[in-house]
Amino acid sequence: MAVNTDMLVFFVNGKKVCLRNVEPETTLMAYLRRDLGLTGTKNGCDEGSCGACTVMVSAYNRDSGRIVHKALTSCMVPICTLHGLAVTTTEGIGSLATGLHPVQERIVKFHGTQCGFCTPGMVMSMYTLLRSNPNPTRKQVSDSLHGNICRCTGYRPIMDAFWTFSKETCCSPENGGCCQDTDLSCPQGNSAGCCRGQPAKLTDISSLSLYDPTQEPIFPPELQVEGLCENLVCFRGRRVTWYRPVTLSQALQIKSENPDAQIASGCTFLAQQLKTCVQEVIVIDISGLKELKSHEIKNGVLMLGAGLSMADLIDLSDHGDLAEVSLVQAVPKVLESWGSQLKNSATLGGHIMLRGARYDLMPLLVAGDCFALVASKDAERKIQLKEAFLRDSNPLKPCEILISVGVPCAQKFVQTFKVAKRKHQDLASLSAAFFLGISPSEKLKIDDAQITYGGNIPSLIVPVETTKFLAGRKVSEEMIGEAMLALQSELLPFEGKGLSKTQSLWAQGFLSKCLLELIAGNQQGDRVTTNEQPDIYKSCQIFEIDQEGTFSKLKAVGQPLTHSTGEEQATGEAVFIDDIPMTVGELYMYPVLSTQHHAKITGVDLSEALSMPGVHGYIDHKDVPGVNFVFAEYADEELLATDTVHHCGQIICGIVATDRDTAVSAAQCVKVTYEDLTPVILTIQEAIEAKSFLGLPWRVTRGNLEAGFAQSDEVLEGELSTKGQKHIYLETLGALSVPRERDQIEVYTGTQLCHTLQIAVAEVLGVPAHNVVVKVKRIGGGFGGKESRSLLPSMITALAARKFRRPVRCIFNRKDDTLINGGRHPSLARYKVGFTKEGKIIALQTMLYTNGGITKETSNSVIKLAVIRGESCYNIPNVLVEGRVCRTNHSSHASLRGFGCPQMLWIVENILTAVATHLSLQPHKVRELQLYKEGETTITNCFLENFKLPKCWEECKSLADFDKRSQLVKEFNSTNKQRKRGLAIQPMMFGIGIYDKFLNQAGALVHIYTDGSVLVTHGGCEMGQGLHTKIKQIASDTLGISFDKVLVSETCTNMVPNATATVASVSTELNGRAVHAACITLVERLRPFREADPQAGWEKWVSAAYFSRVSLSTTGFVSYGDFGFDFDTCKGPDCMYLTCGVGCSEVEVDCLTGEHKLVRTDIVMDVGRSINPAVDIGQIEGGFVQGYGYYMMEEVVHSPEGKLLTDSPLTYKIPLAADIPAQFNVALLKNNLNDKGIYSSKGIGEPPLLLALSVYLATHDAVKSARVERGLSEVFYLEHPSIPANVLKALN
Ligand SMILES: Cc1cc2nc3c(=O)[nH]c(=O)nc-3n(C[C@H](O)[C@H](O)[C@H](O)COP(=O)(O)OP(=O)(O)OC[C@H]3O[C@@H](n4cnc5c(N)ncnc54)[C@H](O)[C@@H]3O)c2cc1C
Ligand code: FES
Ligand code: FES
C-alpha cells in the first residue's frame, strides 16, 4: 500500500501543531520539552514509572459525541499516536501571569510541594480526573495518583489538597469551608469534625479559589469536525515508518505487506523499545481502530476487542449486560493497583501479546478459559490462551493481528490474588486466579475448578492435579488443609526451577484464602483478604503558632508559610537544570560507563560513534589538564578511567554531540574491550575475608566492657545485616557547563556541595578556584544523593566545555544515575549484649561493617556518625562500638538521609527486641528502662540538658493511646487467625551540628536595593527542604519587612565563598544565622534613618540611607558552636544539640502472604520552636515515608554476577500515596524553646526518617503473635527490608 508522508496534526494547550517531518519514535515528552519549551512536563524516568511527565490527552468520540480526557505519561506516548488529539500540560491550565488553576493553587497552599519536580505530574493527574469527573469521591482522587511518585512530601499534603475536590471532604471551599469554622459534619468519621479542636491549621481553606468546571478551556472545535482522522496516514522518519490505519482491513493489508511490522496499541511497552532500537522499523498503529474497541456477546462468549484499554475493561464491569460474566467482574480488582496513566494506555491486546507470566491479567484469562481471535488479511482463527500463550514462541503468524479475546460467559466463584513488593503499580512476585464452579444444589460444594498462577516465574503454572482434587469436594477447614497439601506436592517439582519456596508458600496461601473467602462469603469476621486499604485516610497535624513570648514581634517566623517557589513549581515555571533553554552552539554529552566490576581496559573503539551524524567528538582521560580524580584529596577514583575500571558504572569517556539523542546513541556504540582482573569483591563478607577496607576502624567506647559482661545476668550474641537504599530523587544528576573568557567556566547544576564542586572542577581543569563559578537554583530532590556523586556530570561537562569551547550539557538517564550513585551503605553488624533479668542492658559491643563501594568519599563520615549513635537513645554504661568501611567493586555508596544512623538504629532496636524476647518482656518496657534522661551524658559526652526525649515519649504514648491500643491489638490477635496486628513505639535522637568542627560555619550576602526590595544569597542549596522559605522568614523578620520583599537568590560560589555543604540537617541553623547576622548589620546601618523619621517606613529609610552614602549591602558570617568529636580521645560533644522524636506504628500482617497494612502512625517531634511548622511537618512526614520505604519496601537487588537489577522506579519500588499510614498524626512538641537554635528552632531534615523503624518493629510484633499461636519460637529474625517474602519467611 503506497502512502506518502502525511501531516501530523494535534493541539497543545489550545494551539495547533502541524508537523510534516516527524520522527515517529519521538515521545510527546521529548517534543513538549525540546521543541515547544514546555518544560513543566518533567522527565523523572523516561520509562513510565514516575508520573512526573503526566499530561492530559483529550479526544472527541464521534460516536458518542463525548470528549474523553485521559492522564498519560508523555514519555510513553509516541508523538504519532496524537494525530487528531489535544494535549494539555500544566502550563496550559494556569500560570503566574494568568493566575493559578485551583488544582495548582491547592497543592501549593496545602504544602504539597517540596523539591517540586513531581508537582506538575501530580497536578495533571488530578486535573484530568476533574475534567472527566468534577465530583470525584475521595477514593477516586487517591486512585488517580497511583502512577505518580513523590520522594519528598510523604504524600499526605498532596492528598489533603486534592481531597478537597471531593464532596466527601468537609474542609473544602466547594463544600462550604472548614469544619473548624462551620457546623459542617465530618465525612471522615470524626464526629467533632476532622480539624475541630486543633489549635492551628496549616492551610486557610477560606483563601482557596473555588473550582468552576465551566471555566475550563474548550476542546479544539477543529478536531470535532469530520475529516482529519478518517483517513489512513503514514509518517516516515529516518528509522521508523508509522502507519495509522482507520479500519481493520487496512491494518491487516499493511501487515500482510509488512509481516515484520510492529503493532502499536497502548505503546506502554513499544514506546520504550522504539527509543532504543537502532534498526529500521515499520509500525502499524491500531489505537484508532473502532473495531478493536468494541465488545459483544455471541453464542455465550463475550468478545472483547483487543484495543480496549484497561480503563475500558474496568468500565465494562458496570455494564448491566455483563453483570453475569464473572471474569469481567473480577477485572477491577486485578487492575485496581495500576496507576491511572497505565490503565488509560495499556490495552488488552498489548498485554496478552507480551506473553509474560508476570502480567496481571494473564492468570485470570487463562483460568477463565479464554481464547484469542487472530486475523490475517484472508482469515481468522482462534487460539486457546492456555495452550499457545504459555510457550516462548509467538503463536501469531507474521501476518496476523490479535483482534479480540473470547471470554466464556460463565458464572463462577472467582478470586484473584497478587503479592508484590509494593501494593500498587508493581509486577507480581506471585499472582493467581481461581475459577470455582459451585454446586447449585449443595452449599460449598465445588463442581469444577480452574487455577492459574502467574508472577515472577518462568511461565504460568496450571496445577491440574489440585483442580482435580477440588472438583466434587465440599469446602471445610479440614478440606482446605488437604487441598494445600495437594498443591504443595504438585508444586514441589517446580521448586528451585523458577519457583522459590516463598512463592510456593504464597501459592498455598492464595488457595487457602480463596477457599476461606468462599466459606466466609460476605460475613464479617476473620476475613483473609488484606490488600484493600481503607478508603478513608485520617491525619492530623498538631502544632502551635506563636502568640506570646519571643515570637510575638515576628510576622513570618513561626508561620506555616508555603514554599517560597511553590507556585512556580506547580505551574511548571520552576527551572531545573534540564529546563534551562539551550544556548546557541550548545552541545550535549553522554558518558560511556564500564560494564565490568574490575577489569583492564584493552581497547576503546570510538570509530562507529564518531562517524555518526551529529557527533562532535569525545573526551577521555587524555583531555584532563589537571588532576584526573573525582576527589583529588583521596585520589582513589579516576574521573575518566585510564586503563583500569574498578566498578560497574565507572566513567570511561564521554561522547559529545549536537543533541541528547545522538550523544546517547553514540555512547552506546562505543566498543570497550576488557580483560577481567581479580579480585572482584562485591559483598561485605568477601571484603572482610580479603581484608579489603577503606581506612581504619572508628571506635567509640565508654565504661569497662569486660566488667559489664561479668555483671550481666545474661549475654546474647548475634549478627544482623541491612541492605542498601537508592535515593530516587526525581531529578537525576546533571550539569550545564558554559565556558567563559580565558579559562573561566560557569557550571549550572544541582548539587548539595557547591564549594567542593567548585574546587573539584578547578582541580580537574587545572585552574584556580576563582575561575570556576558554580550556580544552583534548586535541586529536584537531594537526600544526600547530590553530594559527592553530583560532582561527576559537572566535572565531565566542564572538561568537554573546555575542549570544545562550547556550552555542554549532560543529564544522566535514570538507570545510569541509579547505577552510578551507590545509595545507602549496606551493613553487617556483629554484637554481644549483656543485661540483667529485669532487662537493663549493662554492656554492649557492636562491630559494624558497611559496604563503602569503591572509594572513600563520604563512607568514613557516614560510619563515624553510625558509631556515634551506636547506643541510639539508650543509656548503656559499658559500650564499645566500632565501625569499618569495606572496599568493594561497587559504585561508591554515598550519603543518604540519616547518614549511617538508619542502619545503626535498626541494629540497636533489633538487639533490644532480642533482649525483650529473651526475657519475655514487652519491648517498649525494655526501651523505657534504658531511655536517656535529663542530666545524663551520652557516649559522645553530650550532656543532656533541656532534653525533650522523655517528654516526646510520654506525649507520643498519649497521642497514640498506646496502652489502650496495645490491649486492642491483643484482642484482635486472639480473634483473628490469618491476620495479626502489631504495635510498637520507638524513640530517636539525632545530633545537630557537624562533628567535624570546622564545617560549622556559614556566610551570607544581603543587598537592599533602593526600592526597598532585598536580595539574600547564602551558602545553602534549596532541594525541597524549605531552606529558602525559612531563610526568607528569618530575613524578613530580622529586617522588619514583609516576607514578599525578600528574594532568595540562587546559590553561587561567586557570591558566598567556601560554603559548607547543605547536609546534616544543619543548613537553616548555619545559613539562617549568617543571614540573620547580615540583616542585623543592615538594621543597625538603617537605625539613624529610622530614628530620624519613625513614621516614614522602610522604603524611605532605605532611600535616605542611600542618599547619605550608607552601604546597603553586607555579608554575614557565623562560626557556630563549640563542639566536635575526637575519635582518638573519645571526647566530645559531637553536636550542638539533639533533635528528638518518638514514633508509634500499628500494622496488620496478612499471615498467608506476609503483606502488611500500615494502620496508623503517631509521631511526636521536638523541633524546638518551629520556624515554619508546615515545612517541619513536611520534613517529618516525608522523612518518615522515605524511612518506611527503607525498612519495609525498597530492596536493592543484584544478580549473582553483581549487576544491579533494581535500577529505576520500574524495578525499585519506593512508597506511593497508597502506602502511607491510614491514620497519620504528627505533633510538634509545644512550649518548646531551644536556646542553641536559630530563633529557638531545631534542625529537622534527617531525624524523622528514623521513626519509620517503628513500622518494622510493629511488624516484628505482629509476626511474633502469629508464631506464638503457631507454636513456633518467639526468637526469630525478620530480615531487612521487611518485604512480604521476608515477613513470610519469619512467619514460617
Ligand atoms: C510503568 C509500567 C508499570 C507497569 N506495571 C505493571 C503491573 O503492575 N502489572 C502488569 O501486569 N503489567 C505492568 N506493566 C506492563 C503492562 O501491562 C504492559 O506494558 C501493557 O499491558 C502492554 O500493553 P500495550 O497496549 O501498551 O502494549 P504495546 O506496547 O502497544 O504492545 C506490546 C507488544 O504487543 C504487540 N501488540 C500489541 N497489540 C497487538 C495486537 N493487537 N496484535 C498483535 N500484536 C500486538 C506490540 O507489537 C508489542 O510488541 C507496566 C508497564 C509499565 C510501563
Ligand atoms: S518521566 Fe514519564 S513516567 Fe517518569
Ligand atoms: S516534591 Fe515530590 S518529588 Fe520532590
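Before any of the text, the structure's been laid out above.
Residues numbered from 1 in each chain as written. Chains lettered and ligands numbered in written order. Predicted model: local features only at pLDDT ≥ 70, side-chain atom pairs only at ≥ 80, totals over all residues. Heavy atoms only, no water.

K.L.:
Help me out: how do you make sense of the overall build of the chain in this one?
P.N.:
Scanning the chain for helices and strands turns up 35 helices and 42 strands. Relative to its length of 1292 residues, the chain is compact, with a C-alpha radius of gyration of 31 Å against a globular reference of 33 Å. Taking the principal axes of its C-alpha atoms as reference, the chain extends roughly 90 × 75 × 75 Å. Here the chain holds 1292 residues, and 63% of them are scored as buried. Across the chain, contacts joining residues at least 24 apart in sequence account for 76% of those joining residues at least 6 apart. (Helix = DSSP H or I, 4+ residues; strand = E, 2+ residues; numbered from the N terminus. Rg over C-alpha atoms; globule rule 2.2 N^0.38 Å. Buried < 20%, exposed > 50% of the residue type's maximum accessible area, 1.4 Å probe, protein only. Contact = heavy atoms within 4.5 Å.)

K.L.:
I would appreciate a short explanation of empty space enclosed by the protein in the present structure.
P.N.:
Take a probe with the size of a water molecule and roll it over the atoms, and the empty space left behind shows itself. Taken as a whole and assessed by the stated rule, the structure comprises 15 cavities of 30 Å³ or more. Along the walls of the largest cavity sit 32 residues, with Met1023, Gln1025, Ser1065, Gln1179 and Gly1245 positioned nearest its centre. Only helix 30 (1027-1039) and helix 31 (1067-1092) provide two or more residues apiece to the lining of the largest cavity. No other element matches the three residues that helix 31 contributes to the lining of the largest cavity. (1 Å grid on protein atoms, 1.4 Å probe; cavity = no way out; pocket = protein on both sides within 12 Å on 5 of 7 lines; lining within 4 Å. Points joined across faces, edges and corners; volume = space filled by probe spheres on them.)

K.L.:
How should the pattern of salt bridges be read in this particular structure?
P.N.:
Pairing between side chains of opposite charge can happen when their charged atoms approach one another. With the rule as written, the count across this model stands at 64 salt bridges. The partner of Glu465 in a salt bridge is Lys468, and the shortest N-O contact between them spans 3.4 Å. Of the two residues, Glu465 and Lys468 both sit in helix 14 (residues 464-470), three residues apart, roughly one turn of that helix. The partly exposed category is assigned to Glu465, whose relative accessible area is 46%. Assessed through its relative accessible area of 53%, Lys468 is described here as exposed. Note that Glu945 is salt-bridged to Lys1236, the shortest N-O span being 3.4 Å. Of this pair, Glu945 sits in the loop between helix 27 (923-930) and helix 28 (949-959) while Lys1236 sits in the loop between strand 42 (1223-1228) and helix 34 (1253-1269); the two residues are 291 residues apart in sequence, bridging distant segments of the chain. For Lys1236, a relative accessible area of 26% gives the class partly exposed. Via salt bridges that share partners, Arg965, Arg979, Arg981, Glu1146, Glu1148, Arg1160 and Asp1162 belong to a single interconnected network. (Salt bridge = Lys/Arg side-chain N within 4 Å of Asp/Glu carboxyl O.)

K.L.:
I'm lost on the sheet that holds strand 6 (residues 233-236) in this one. Help?
P.N.:
Note: strands within a sheet are paired through backbone hydrogen bonds, in either parallel or antiparallel orientation. If you trace the four strands from one edge of the open sheet to the other, you get 6-7-9-8, paired in mixed fashion. Either end of the sheet is taken by a strand with one partner, and the two such strands are strand 6 and strand 8 (262-264). Recorded for the sheet is a direction-independent mean angle of 20° between the axes of neighbouring strands. Pairing geometry for strand 8 and strand 9 (residues 281-285), over three bridges, is parallel. Looking at strand 9, one finds that Gln262 is bridged to Val283. (Pairing = 2+ DSSP bridges. Axes fitted to C-alpha atoms, helices over the stretch in contact; angles between N-to-C directions.)

K.L.:
Any chance you could explain helix 9 (residues 326-335) here in plain terms?
P.N.:
One full turn of an α-helix is made of 3.6 residues, so residues set three or four places apart face in the same direction. The buried count for helix 9 comes to seven of ten residues, which makes it a mostly enclosed element. For helix 9, the set of buried residues is Ser326, Leu327, Val328, Ala330, Val331, Val334 and Leu335.

K.L.:
I would appreciate a short explanation of the pairing of strand 32 (residues 841-851) in the present structure.
P.N.:
One face of the sheet, then the other: side chains in a regular strand alternate in exactly this way. Burial within strand 32 is extensive, with ten of its eleven residues counted as buried. The pairing of strand 31 (residues 827-835) with strand 32 spans nine bridges and is classified as antiparallel. Residue pairing in the sheet places Ser827 in a bridge with Thr850 of strand 32. The hairpin formed by strand 31 and strand 32 contains five residues between the paired strands, and Gly839 there has a positive phi angle of roughly 100°. Note on the crossover from strand 32 through helix 25 (residues 859-868) to strand 33 (residues 878-886): the handedness is right-handed. (Right-handed = clockwise from strand over helix to strand, strands pointing away.)

K.L.:
I would appreciate a short explanation of the sheet that holds strand 35 (residues 1001-1008) in the present structure.
P.N.:
Reading across the sheet, the four strands line up as 37-36-35-39 and stay open at both edges, with mixed pairing between neighbours. Looking at strand neighbours, the two that pair on one side only are strand 37 (1046-1048) and strand 39 (1113-1119), the edges of this open sheet. Strand-to-strand, the axes of this sheet are offset by a mean angle of 20°, without reference to chain direction. Of the strand pairs in this sheet, strand 35 and strand 39 are connected by seven bridges, and their pairing is antiparallel. Its bridge partner being in strand 39, Gln1001 is matched across the sheet by Ser1119. On top of the sheet, helix 31 reaches strand 35, strand 36 (1014-1018) and strand 39; it is set at about 135° to strand 39, its chief contact.

K.L.:
I tried to follow the packing of helix 16 (residues 501-520) against helix 35 (residues 1284-1291) on my own but got confused; where do I start?
P.N.:
In a pair of packed helices, the angle between the axes and the distance between the axes together describe the arrangement. Closest axis-to-axis distance for the helix 16/helix 35 pair is 10 Å, and the angle between their directions is 80°. By the angle class used here, helix 16 and helix 35 are roughly perpendicular. Residue-level inspection shows Thr502, Leu505 and Trp506 of helix 16 in contact with helix 35, the latter providing Pro1284, Ala1285 and Leu1288. (Parallel < 35°, antiparallel > 145°, perpendicular 65-115°, else oblique.)

K.L.:
Honestly, the packing of aromatic side chains in this entry has me stumped. Any pointers?
P.N.:
Centre-to-centre distance and the angle between the planes together describe a pair of aromatic rings. According to the stated counting rule, one finds 18 aromatic pairs in the structure shown. Consider the rings of Phe417 and Phe510, whose centres lie 5.4 Å apart with planes at 15°: the pair is stacked. In this pair, Phe417 sits in strand 15 (residues 413-419) while Phe510 sits in helix 16, placing the two residues 93 residues apart along the sequence. Residue Phe417 is classed as buried on the basis of its relative accessible area of 5%. Between the aromatic rings of Tyr1106 and Phe1107, the centroid separation amounts to 5.2 Å while the plane-to-plane angle is 70°, which identifies the pairing as edge-to-face. On the accessibility criterion, Tyr1106 (44% relative accessible area) is partly exposed. Classification of Phe1107 as exposed rests on a relative accessible area of 65%. (Phe/Tyr/Trp six-rings, centres within 6.5 Å; stacked < 30°, edge-to-face > 60°.)

K.L.:
What exactly am I supposed to notice about unusual backbone geometry here?
P.N.:
Glycine aside, negative phi is the norm for most residues, and most peptide bonds take the trans geometry. With an omega dihedral of 5°, the bond running from Gly1132 to Pro1133 counts as a cis peptide bond. Here Pro1133 shows up in the loop between strand 39 and strand 40 (1137-1150). Note that the residue after His1280, namely Pro1281, is joined by a cis bond; omega there is -10°. Its place among the elements puts Pro1281 in the loop between helix 34 and helix 35. In this structure, Asn946 takes a positive phi of about 50° despite not being glycine. Among the secondary structure elements, Asn946 is positioned in the loop between helix 27 and helix 28. Accessibility expressed as a relative area gives 36% for Asn946, which makes it partly exposed.

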